[in-house]
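Observations on the three-dimensional arrangement
If you want the building blocks of each chain, they are given just below.
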Amino acid sequence: MSNRNKGKAKYSLAWLCVLLFIILTYCSTGLNNRSANFHISLTANVTDSPPVKQLPVRDSPPVKNILPVAPPKADPSKLQSDTSKFSITTAGDTIYKKNTVDSFSLYRISKDSLNGPVVYHADDSMVLDVPTKKMYLYGKTSSIKYTDNELGAPEIEYDQQTGLVRAHLVRDSTGKVISFVSFNQPDFKAVMDSIVFDMRTLKGITKGTYTQQGEIFVSGKTIKKVGKDVFYALDSKFTTCNLDTPHFAFVSHKIKFISQKMAFSGPVHPEFEGVPVPIVLPFGIYPLAQGRHSGLLAPTFAASDQYGISLERLGYYKVISPNWDVITTGTLYSYGGWAVNVNPRYYKRYHYQGNLSLDIQKTKPLDLPSTRTVFINWSHTMDTKARPGVTFTASVRAGSSKYNQLVPNNATQNFTNQMQSSIAYSKTWKDKPYNVIISANHSQNTNSGVINLNIPDVAFNLVTLYPFRRKNEDFIGEYKWYENLGVGLTTNTKSQTFFVDTAKRIVQQIKDNLQWGASHTVPITLSLPQMGVFQVSPGISYSERWYMEQTFRTWNDVLDTTITTRKQGFYTAREMSFSLSATTRIFGMYSFKKSSKVQAIRHEIRPSLSMSYKPDMAKASFYKTRINSLNDSDYVSKYERSIYGAYSRGEFGGMSFSIDNNISMKVRSKKDTSNGGLKKITIIDGLRLDGSYNFLADSFRLSPLTLSARSNLFEKINLTAGATFDPYQRNVNGKRLDKLVWANRPLSLGTLTSGSVSLQSGFKGGDKSKQTSSELTDQNTLQQNAGAIGMPLNDYEQEAAYIRNNPGEFVDFSIPWSVDFSYSLRFGRNYIESSNKSTVDFNQDVTFNGSINLTPKWKLGMNGSFNITQKQLGLLSMYLSREMHCWQMTINVSRSDRQRYFTINISPKSPMLRDLKVNRTRYFIGN
């Protein structure tokens with residue numbers, strides 16, 4: 001080939017390469033242009049496309065899509081050059097356009113662009129109207145979501161140009177609603193008939209809306225949402241009833257809501273079952289936020305023939321800080337009395353919580369002088385995690401002796417005649433064998449007016465130490481017998497006094513009656529290895545007591561009485577004892593045939609025998625003196641009136657014995673197939689006999705025998721019984737003789753001197769396998785009320801008292817009937833030396849509690865007590881309750897020997913509206 005031809009071939013090949021490059025470039029550009037045009041059809045005005053006239057076929061598959069996101073907003077002053085990506089997601093695939101150019105481009109972002117993607121789903125079909133930039137979604141569960149706003153409806157219209165979303169419900173051919181519109185935001189969830197919502201401004205209007213704010217259900221003809229947290233309701237109703245057609249509601253023409261915070265309304269009136277009540281309030285303010293909020297406390301009205309008409313517990317609740325709040329309430333009586341309660345409370349999580357209540361009341365019964373009384377109640381607990389090893393608790397209930405008797409409208413407290421208090425601090429040192437407890441106690445009898453104080457009590461305890469044990473921590477094996485020798489120490493110091501609050505010079509009474517003392521006990525124990533079937537344990541105990549005074553009694557023939565004198569000083573007394581005990585267990589079983597329902601009966605015997613010796617180290621503490629006008633004399637201790645009492649007189653060398661029995665059986669069970677279909681039933685949990693014998697006593701060496709029994713029959717009846725038998729004979733007057741009864745009655749345990757029988761049981765109907773709401777009623781109610789006002793969960797005293805006084809408001813309608821009862825019998829034989837006669841005292845009591853459903857909505861209940869011996873009725877209460885879904889009606893009637901009262905209450909169940917009630921209370925004093 002010539003050079004010319006070669007040149008032409010090269011020229012042709014070059015043009016061919018250029019042509020091929022142009023073709024490839026055109027194909028690539030065309031594909032990208034198609035994608036760009038598809039995007040433009042969604043975002044730009046295309047006037048040459050015909051509008052969509054028909055709906056798509058409804059059996060097409062669901063469509064789920066994500067509309068494009070606007071490019072990130074760039075600073076106009078800066079130029080952006082680099083690789084940029086743009087994506088379009090369709091139902092099938094994703095196409096990426098990657099523009100790599102050498103020129104600079106500047107993004108111009110529209111002010112009304114969206115801040116996030118719009119995710120939509122069509123359950124049935126989707127129609128895209130390109131000219132109008134609208135999208136239609138069809139299907140029962142179709143939805144559209146933008147950021148944290150989610151809308152679900154059977155028909156949804158989205159206008160991409162304006163950002164408006166429209167949706168409405170759909171009915172079938174019979175007029176039944178197929179699906180409502182639902183709209184959810186983080187703090188606003190609603191169901192409605194229709195909605196128009198602007199995605200850019202987050203504003204919208206709904207029709208026929210139903211929403212919930214806290215415990216309040218709100219329904220409005222029209223609701224306009226003007227912000228993220230604020231919306232207005234027109235012709236609205238709000239209630240705590242969760243039915244579509246509520247039993248009651250409050251109606252107002254205009255209401256403003258601030259989500260989960262507050263609501264404000266104009267004139268408002270209630271309605272029941274759709275019937276308006278002609279009671280109109282000019283405006284309303286409704287707190288919606290949960291937790292603690294300062295505000296007024298609504299009062300209640302009551303009436304008593306002794307104090308008149310009363311306005312009770314009108315007050316104010318104040319939140320002082322996150323850890324403190326205070327409740328201040330007052331009560332006014334028409335006859336001139338009043339009462340004030342100040343109740344500060346504190347709570348710090350993982351540290352402590354407490355409640356202090358101060359009550360001052362001035363009662364003025366009709367035609368009687370007024371009386372002022374005071375009562376203080378303080379409870380404090382410390383979390384164990386706050387300071388490991390340290391605890392501090394307080395429970396103080398103290399006040400004037402007449403306070404309980406004069407509290408109006410509280411029969412339970414009127415019958416309470418004891419007040420007790422306790423404050424305790426304890427500390428245990430880590431890795432140390434000792435601890436200390438410091439406490440103060442108070443007890444008060446409101447009938448006698450005597451107040452006893454123990455301030456303070458100090459207890460120091462040294463746990464058992466083993467001085468002969470090897471200190472090698474890596475030791476493995478058994479200790480030698482002498483290495484189990486242990487020594488401990490328990491030291492207690494106590495000071496106490498008393499005074500009568502009705503007397504004068506209380507401070508002087510406290511000083512004159514002050515006593516103190518101390519007690520020290522050193523136990524020495526030795527745990528020996530088991531000797532065959534016996535466990536033998538020797539022991540030594542040393543005890544010493546310190547006293548501040550001695551008392552002496554002498555008989556005065558002129559006054560014909562005993563004269564007591566006291567001698568102040570520091571005195572001691574001590575005692576020592578030695579013991580050796582042995583225990584074992586004996587088993588026996590009787591088996592029946594395999595075909596028998598009872599397979600076996602098992603009997604276990606646990607005998608125990610202890611030998612002990614105590615020398616008479618307290619002999620010097622006793623003296624002999626005349627005790628009555630019959631010239632009888634007896635030995636009396638110098639420390640008989642001390643805090644810790646006197647040691648027993650005389651030498652003791654004897655034995656103590658006990659025998660405990662347990663009887664059970666195995667039976668075949670048709671219901672329980674585990675363990676081979678056998679079930680264990682306990683017949684007698686315990687049958688125990690105790691006694692002791694003193695070899696060194698000059699007379700009456702055998703102690704009275706104590707017999708006790710306990711059983712849970714059929715797992716339904718709890719039976720406990722005990723009796724004391726005197727093994728010595730008695731004369732015709734009941735005086736003991738130094739002769740054993742077995743000489744005449746060999747099969748007898750002796751003369752029955754005292755005994756008791758206690759029986760408790762309860763039965764109820766309904767499904768036993770289901771947990772009834774009554775098992776959680778009190779706790780749940782208290783927790784709900786506590787959460788509403790911010791109470792710590794342990795501060796339930798007032799709420800628990802409300803439940804006790806109003807049992808009809810907390811009944812469980814799921815139990816068709818229930819019966820609980822208890823019976824107790826106590827008797828004792830007493831010998832009176834002055835009259836040389838013996839008497840027998842009997843006392844029988846029965847308590848009962850029962851309820852029955854008259855209908856599924858009506859319940860009748862009763863509880864009370866009766867003293868059979870005195871034929872005296874205790875506090876008897878009856879209630880009648882009516883279940884009304886969101887409301888409840890209760891009638892409580894109570895009667896006692898001192899007073900009678902009844903209450904009629906109709907109130908909502910919601911704790912938020914508990915004070916919104918119709919209440920009628922009347923009290924009557926006397927029979």
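Relevant structure appears above.
How each quantity is defined
Residues numbered from 1 in each chain as written. Predicted model: local features only at pLDDT ≥ 70, side-chain atom pairs only at ≥ 80, totals over all residues. Heavy atoms only, no water. Core = buried A, V, L, I, M, F, W, Y, C linked by side-chain atoms within 4.5 Å. Buried < 20%, exposed > 50% of the residue type's maximum accessible area, 1.4 Å probe, protein only. Helix = DSSP H or I, 4+ residues; strand = E, 2+ residues; numbered from the N terminus. Contact = heavy atoms within 4.5 Å. Polar contact = N/O pair within 3.5 Å; in protein donor to acceptor, adjacent residues only side chain to side chain. Phe/Tyr/Trp six-rings, centres within 6.5 Å; stacked < 30°, edge-to-face > 60°. Patch = residues over 30% accessible without salt bridge, like charges linked within 9 Å, V, L, I, M, F, W, Y side chains within 5 Å. Areas by Shrake-Rupley, 256 points an atom, 1.4 Å probe, with all protein chains shown as cover. Salt bridge = Lys/Arg side-chain N within 4 Å of Asp/Glu carboxyl O.

General note: in soluble globular proteins, nonpolar side chains tend to be found buried as a group. By size, the foremost hydrophobic cluster in this structure holds 40 residues, and its most contacted members are Ile144, Leu151 and Met199. Considering each element in turn, this core owes the most residues, 4 residues, to strand 19 (residues 248-258). Those residues in contact with isoleucine 144, other than ones at most four positions away along the chain, are Val118, Val119, Tyr120, Asn149, Glu150, Leu151, Ile156, Tyr158, Val165 and Met199. Counting 7 residues, the second largest nonpolar core, distinct from the first, contains Tyr571, Ala573, Ala618 and Phe622.

Turning our eyes to something else, we now look at the side chain of serine 142. Secondary-structure assignment places serine 142 in the loop between strand 6 (134-138) and strand 7 (143-146). A polar contact is formed between the side chain of serine 142 and the backbone nitrogen of aspartate 123, at a distance of 3.1 Å. Within the structure, serine 142 has its side chain in polar contact with the backbone oxygen of glycine 139 (distance 3.1 Å). With sequence-adjacent residues up to four places away left out, serine 142 is seen in contact with His121, Ala122, Asp123, Leu137, Leu151, Gly152, Ala153 and Ile156.

This brings us to the packing of aromatic side chains. One pass over the structure, following the stated rule, counts 25 aromatic pairs. When the ring of phenylalanine 238 is compared with that of phenylalanine 250, the centres are 5.6 Å apart and the planes differ by 25°; the resulting orientation is stacked. Residue phenylalanine 238 is located in strand 18 (residues 230-239), and its partner phenylalanine 250 is located in strand 19; the two are separated by 12 residues in the primary sequence. Comparing phenylalanine 238 with phenylalanine 250 shows no difference in burial state: the two are buried. With 5.0 Å between their ring centres and 75° between their planes, phenylalanine 700 and tyrosine 728 make a pair best called edge-to-face. Here the residue phenylalanine 700 occupies a position in the loop between strand 44 (678-694) and strand 45 (705-713), and tyrosine 728 occupies one in strand 47 (residues 728-730), the gap between them amounting to 28 residues. We classify tyrosine 728 as buried; its relative accessible area is 4%. Chaining the aromatic ring pairs together yields one cluster made of Phe238, Phe248, Phe250, Phe272, Tyr286 and Trp887.

On the surface, Phe763, Trp817, Val819, Phe821, Ile852, Leu854, Leu860, Met862, Met878 and Val893 cluster together to form a nonpolar patch covering roughly 800 Å² of accessible area. Among the elements that line the nonpolar patch, the one with the most residues is strand 50 (residues 817-832), at 3 residues. We classify tryptophan 817 as partly exposed; its relative accessible area is 38%.

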